[in-house]
Amino acid sequence: LTQANVEVITDGIAEILPGAVRTADGQEREVARATPEGARDYLVPSRTHAGSFFALPQSPQLFKQLLMVAGFDRYYQIAKCFRDEDLRADRQPEFTQIDIETSFLDEKDIMDITETMVRNLFKEVLGVEFGELPHMPLAEAMRRFGSDKPDLRIPLELVDVEDQLKDVEFKVFAGPANDPKCRVTALRVPGGASMPRKQIDDYTKFVGIYGAKGLAYIKVNERAAGVDGLQSPIVKNIPLDNINVILDRVGAVDGDIVFFGADKAKIVSEALGALRIKLGHDLNLLTCEWAPLWVVDFPMFEENDDGSLTAMHHPFTSPKCTPEELEANPAAALSRAYDMVLNGTELGGGSIRIHDKAMQQTVFRVLGISEDEQQEKFGFLLDALKYGAPPHGGLAFGLDRLVMLMTGASSIREVIAFPKTQSAACVMTQAPGVVDAKSLRELHIRLREQAKAE
Ligand code: ASP
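Counting from 1, residues in each chain are numbered in the order their sequence is written. Totals for whole chains, interfaces and linings use all residues, but because this is a predicted model, local features are given only for residues with pLDDT of at least 70 and pairs of side-chain atoms are given and counted only at 80 or more. Side-chain descriptors were evaluated using all non-hydrogen atoms of the structure, hydrogens and water having been removed beforehand.

Turning our attention to the environment of alanine 174. If you trace the backbone, alanine 174 turns up in helix α5 (residues 171–177). The buried label goes to any residue with under 20% of its type's maximum accessible area, the exposed label to any with over 50%, and the partly exposed label to all in between, with areas taken from a 1.4 Å probe on protein chains only. Judged by relative accessible area, alanine 174 falls into the buried class, the value being 6%. Beyond its immediate sequence surroundings of up to four residues, alanine 174 is in contact with Leu165, Lys166 and Val168. Segments assigned H or I by DSSP are reported as helices when at least four residues long, segments assigned E as strands when at least two residues long, and all are numbered from the N terminus. In this description, contact between two residues means that some pair of their heavy atoms is separated by no more than 4.5 Å.

Time to look at unusual backbone geometry. In this model, alanine 431 is joined to proline 432 through a cis peptide bond whose omega is 5 degrees. Here proline 432 shows up in the loop between α12 (399–407) and α13 (437–442). Even without being a glycine, phenylalanine 104 presents a positive backbone phi close to 65 degrees. Tracing the sequence through the fold places phenylalanine 104 in the loop between β8 (94–103) and α2 (107–126). Despite not being glycine, histidine 444 shows a phi value in the positive range, around 65 degrees. As for its placement among the helices and strands, histidine 444 is situated in the loop between α13 and β21 (445–447).

With that settled, the discussion passes to the sheet that holds β8. Two strands make a pair as long as DSSP finds a minimum of two bridges between them. What the 7 strands build is an open sheet, ordered β7-β8-β20-β19-β18-β15-β9; its pairing is mixed. At either end of the open sheet lies a strand with only one pairing partner, and these are β7 (74–82) and β9 (135–137). Direction aside, neighbouring strands of the sheet carry axes that sit 25 degrees apart on average. For strand β15 (residues 292–296) and strand β18 (residues 337–342), the ladder comprises 5 bridges, and the chain directions are antiparallel. Bridging from a neighbouring strand, proline 292 pairs with leucine 342 of β18. Working convention: axes come from line fits to C-alpha atoms, limited for helices to the stretch in contact. Angles between N-to-C directions cover 0 to 180 degrees. Contacting β7, β8 and β20 (392–398), helix α1 (residues 61–69) runs over the sheet at an angle of about 20 degrees to β8.

A word on helix α11 (residues 371–385). Between the first and last C-alpha of α11 there are merely 16 Å, a value that for 15 residues lags more than 12% behind the 21 Å anticipated at 1.5 Å per step. Phenylalanine 378 marks where α11 bends most, by close to 90 degrees. Burial in α11 covers these residues: Gln374, Phe378, Gly379, Leu381, Leu382, Ala384 and Leu385. Residues of α11 that are buried make contact with α1 and α10 (357–366). A helix is expected to span 1.5 Å for every residue after the first. Bend at a given residue is defined as the angle between two axes, one fitted to the seven residues that end at that position and one fitted to the seven that begin there.

Attention now moves to the packing of aromatic side chains. Working definition: a ring pair exists when centres of Phe, Tyr or Trp rings (six-membered ring for Trp) sit within 6.5 Å. Plane angles under 30 degrees give stacked, over 60 give edge-to-face, the rest tilted. Scanning the model with the defined rule gives 11 aromatic pairs in all. Ring geometry for phenylalanine 364 against phenylalanine 378: centres 4.8 Å apart, planes inclined by 15 degrees, an arrangement best described as stacked. In this pair, phenylalanine 364 is assigned in helix α10 and phenylalanine 378 in helix α11, connecting sequence segments 14 residues apart. For the pair formed by phenylalanine 364 and phenylalanine 378, the shared burial category is buried. Among the aromatic residues, ring-to-ring pairing joins Phe122, Phe130 and Trp290 into one connected group.

Moving on: the pairing of β18. In the case of a regular strand, side chains alternate between the two sheet surfaces. Within β18, 6 of the 6 residues are buried, which leaves it mostly tucked inside the rest of the structure. Alternating residues of β18 divide into Ala337, Asp339 and Val341 and Tyr338, Met340 and Leu342, and every residue in both groups is buried. Both β18 and strand β19 (residues 345–352) contribute to a ladder of 6 bridges, which runs antiparallel. For valine 341, the partnering residue across the bridge sits in β19 and is glutamate 346. In textbook terms, the turn of a hairpin is the stretch between consecutive antiparallel strands, and for β18 and β19 this stretch comprises 2 residues, one of which, asparagine 343, has a positive phi near 50 degrees.

Okay, the side chain of serine 46 next. Checked against the element boundaries, serine 46 lands in the loop between β5 (43–45) and β6 (53–55). Take serine 46: its relative accessible area is 4%, and that puts it in the buried class. Polar contacts, as counted here, are pairs of nitrogen or oxygen atoms within 3.5 Å of one another; within protein the pair requires one atom able to donate a hydrogen and one able to accept it, and residues that are adjacent in sequence qualify only if both atoms are side-chain atoms. At 3.3 Å, the side chain of serine 46 and the backbone nitrogen of threonine 48 are in polar contact. In this structure serine 46 touches Ser52, Phe53, Phe54, Leu443 and His444, once residues within four positions along its chain are discounted.

Checked against the element boundaries, serine 411 lands in the loop between α12 and α13. Separated by 2.9 Å, the side chain of serine 411 and the backbone nitrogen of arginine 413 make a polar contact. When near neighbours in sequence (up to four residues on either side) are disregarded, serine 411 contacts Ala89 and Met404.

Here it is as structure tokens:
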């Protein structure tokens, strides 16, 4: 079954839309009480409540928070989670979290406890000593590594150069250099000047996957020779003085290549951030085996293409400001969220939560969730927050990701007993499969198109 080809037979006819049910009267209703972690839910039709659905939990987020409100001051669970999203090497529809929540601890306490857990794990299982994990603000991670989960084993960094390209005639650079939503950055690769043309072409194709329209470069053959010592399709378009400032800033010496990205900030960060990782592996540049860190100071919200806002962690994360400040300038608000990153993979993430009803409602309002909808969807949480909820927070680790990294596997598929394929199917049982008419009838479902196998 897919969401798009199912009809629900209730008193009237209901038709499933992604994330909502349209009932016979044409109204759309949310179908489930799910914890919004930002992915699509897997839905399970209810036999006993015609036309209603369960959502498989994306995580036990709200349940663990309610346990804290109920007076359990510490919670720990190995939890199965389900998210219907595009699969990657570190994502599966069904995965396992080590899920933790506590009352009365702040972010430092929670990060210390969980860091100790991970440090002990690596020491006992692999004999690896991590030492204290560095903390890096998200803004720095994006600026230097183009990623919210930087792989610090790779000694290459992005260096912004907008200021040197604002006034050049070359529009490919001058345009983005003058646009605050854009980014112009340089990536120096030591010894890269010997790279053959074909390899540069391959990297150009590679960054294209992330939306980059090209990959400008300068090969530094002999700096002392001025422009003649530089091999590049772009140097003739940029004054030598500016080029020299750029080459000094990235630390370029003879024998290096410097790549450039100039476009919307998101495209540049993703494209050059991914190129940085690819180069690190292709050229065997990794400086160590393990590079863990905490990423902190996340913004509360990220902006969608239509200008609306989405919670960066989840909407129950506490901001670092007052409700008034949050409402006045939501885009500037930072959250009390933290992610643990290992070798470029997000191992776990969490936050201090909102434990105050007014603040929770402010966040909902900023997200465009009306009072009615707040009550409809999250009434149970808002009610709980009335009863004097303790300050609380927690974190969840991806157990499969942890095992993947510890065993040196390249995908969590390798460490899950019966994983799904890239298209979210089970090769062994052939699930998802066709269901017989009787089962569908019991579930009040009628298929719009008959599956071929029937
Ligand atoms: N529930 C969150 C997640 O699955 C983790 C947390 O905030 O504790 O990402």
